[in-house]
Amino acid sequence: MRTTIIMTIAAAALTAGCGGGDSAEATAQATESSTSAAAPESATAAGPSTTDQAMDAATALADLKDAGLPIADSAVITETNDANDLIGRPGQYVSKVAFADSRVGVPIDPAEPGNEGGGSIEVFADGADARVRSDYIQETLESLGPIAGTEYHYLAGPILVRVTGELPPSVAAEYETAVAGLS
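Cut-offs applied
Residues numbered from 1 in each chain as written. Predicted model: local features only at pLDDT ≥ 70, side-chain atom pairs only at ≥ 80, totals over all residues. Heavy atoms only, no water. pLDDT = per-residue confidence, 0-100. Contact = heavy atoms within 4.5 Å. Pairing = 2+ DSSP bridges. Helix = DSSP H or I, 4+ residues; strand = E, 2+ residues; numbered from the N terminus. Axes fitted to C-alpha atoms, helices over the stretch in contact; angles between N-to-C directions. Phe/Tyr/Trp six-rings, centres within 6.5 Å; stacked < 30°, edge-to-face > 60°. Buried < 20%, exposed > 50% of the residue type's maximum accessible area, 1.4 Å probe, protein only. Polar contact = N/O pair within 3.5 Å; in protein donor to acceptor, adjacent residues only side chain to side chain. Salt bridge = Lys/Arg side-chain N within 4 Å of Asp/Glu carboxyl O.

(A) Looking closely at the confidence of the model for the protein. In this model, the protein carries an average pLDDT of 77, and 70% of its residues clear a pLDDT of 70 or more. Confidence drops under pLDDT 50 across residues 1-53; counting only partners more than four residues distant or on other chains, this segment forms 37 contacts.

(B) Structural detail: the sheet that holds strand E4 (residues 151-156). Reading across from one edge, E1-E2-E3-E5-E4 is the order of the five strands in this open sheet, with antiparallel pairing throughout. At either margin of the open sheet sits one strand with a lone partner, and together these are strand E1 (71-77) and E4. Neighbouring strand axes in the sheet, compared pairwise and without regard to direction, differ in orientation by 20° on average. Pairing geometry for strand E3 (residues 118-123) and strand E5 (residues 159-164), over five bridges, is antiparallel. Opposite Val-123, over in E5, you have Ile-159 as the bridge partner. Strand contacts of helix H5 (residues 127-144): strand E2 (95-101), E3, E4 and E5, with the helix running at about 170° to E4, the strand carrying the most contacts.

(C) A look at the packing of aromatic side chains. In total, this model carries three aromatic pairs according to the counting rule given. Here Tyr-93 and Phe-124 contribute two aromatic rings whose centre-to-centre distance is 6.1 Å and whose plane-to-plane angle is 80°, an arrangement assigned as edge-to-face. Taken as a pair, Tyr-93 in the loop between E1 and E2 and Phe-124 in the loop between E3 and H5 lie far apart in primary sequence, 31 residues in all. Residue Tyr-93 shares its accessibility class with Phe-124, and that shared class is buried. For the ring pair Tyr-152 and Tyr-154, a centre distance of 6.5 Å and an interplane angle of 5° mean the geometry is stacked. Taken as a pair, Tyr-152 and Tyr-154 share a single burial class, namely buried.

(D) Representation of the environment of Asp-109 within the structure. When you line up the elements, Asp-109 lands in the loop between E2 and E3. As a C-alpha pair, Asp-109 and Ala-75 span 34 residues in sequence and 7.9 Å in three-dimensional space. One polar contact links the side chain of Asp-109 to the main-chain amide nitrogen of Ala-111, over a distance of 3.1 Å.

(E) Fine view of unusual backbone geometry. Despite not being glycine, Asp-85 has its phi angle at roughly 55°, a positive value. By the secondary structure assignment, Asp-85 is in the loop between E1 and E2.

(F) Molecular detail of the pattern of salt bridges. Scanning all chains against the criterion turns up eight salt bridges. Salt-bridge contacts for Arg-162 lead to Glu-122; the nearest nitrogen and oxygen are separated by 2.9 Å. Residue Arg-162 is found in strand E5, and its partner Glu-122 is found in strand E3; the two are separated by 40 residues along the sequence. By relative accessible area, which is 0% here, Glu-122 ends up buried. Among the ionic pairs, Asp-135 bridges to Arg-131, the shortest N-O distance being 3.7 Å. Of this pair, Asp-135 and Arg-131 both sit in helix H5, four residues apart, roughly one helical turn. With a relative accessible area of 18%, Asp-135 lands in the buried category. According to the relative accessible area criterion, Arg-131 is partly exposed, its value standing at 41%.

So, in structure tokens, the structure goes:
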């Protein structure tokens, strides 16, 4: 039985992001259910990393600022201002903050914060959920074409940093380097 569960988890991990958003999300939920059933607490080899336990979007934002990124403004996403209505829902981000990069020149609207000013940081319960979300967004943007714009996505475990495509690749690479330091 343990082998079957492990194979199910491996298959789900390989297929995550291969289909549409609904199938990827269902795969992630199946993976989460299988993972919970697969390993009793006594069989867990190692506890969650410090990043999994302590990092939230506001802490990650502070780390990006400390890395020298020109983040001019930010707004914490809550249940009342989350345009996506995803915060805290199963398989979705548990904390989020939108930020403005001074090189973009678009301020954050605290009532309806979005990514257009620079980007956002979404923190999930685990890295698999972060990957599913990133894949879903990228697939959606690709299917809508250039009118929908572009984003750079950088993952560090359960953290997804989304950066507006308004920034040139050389500038976005600064985020990539800083995000690598979050894990």
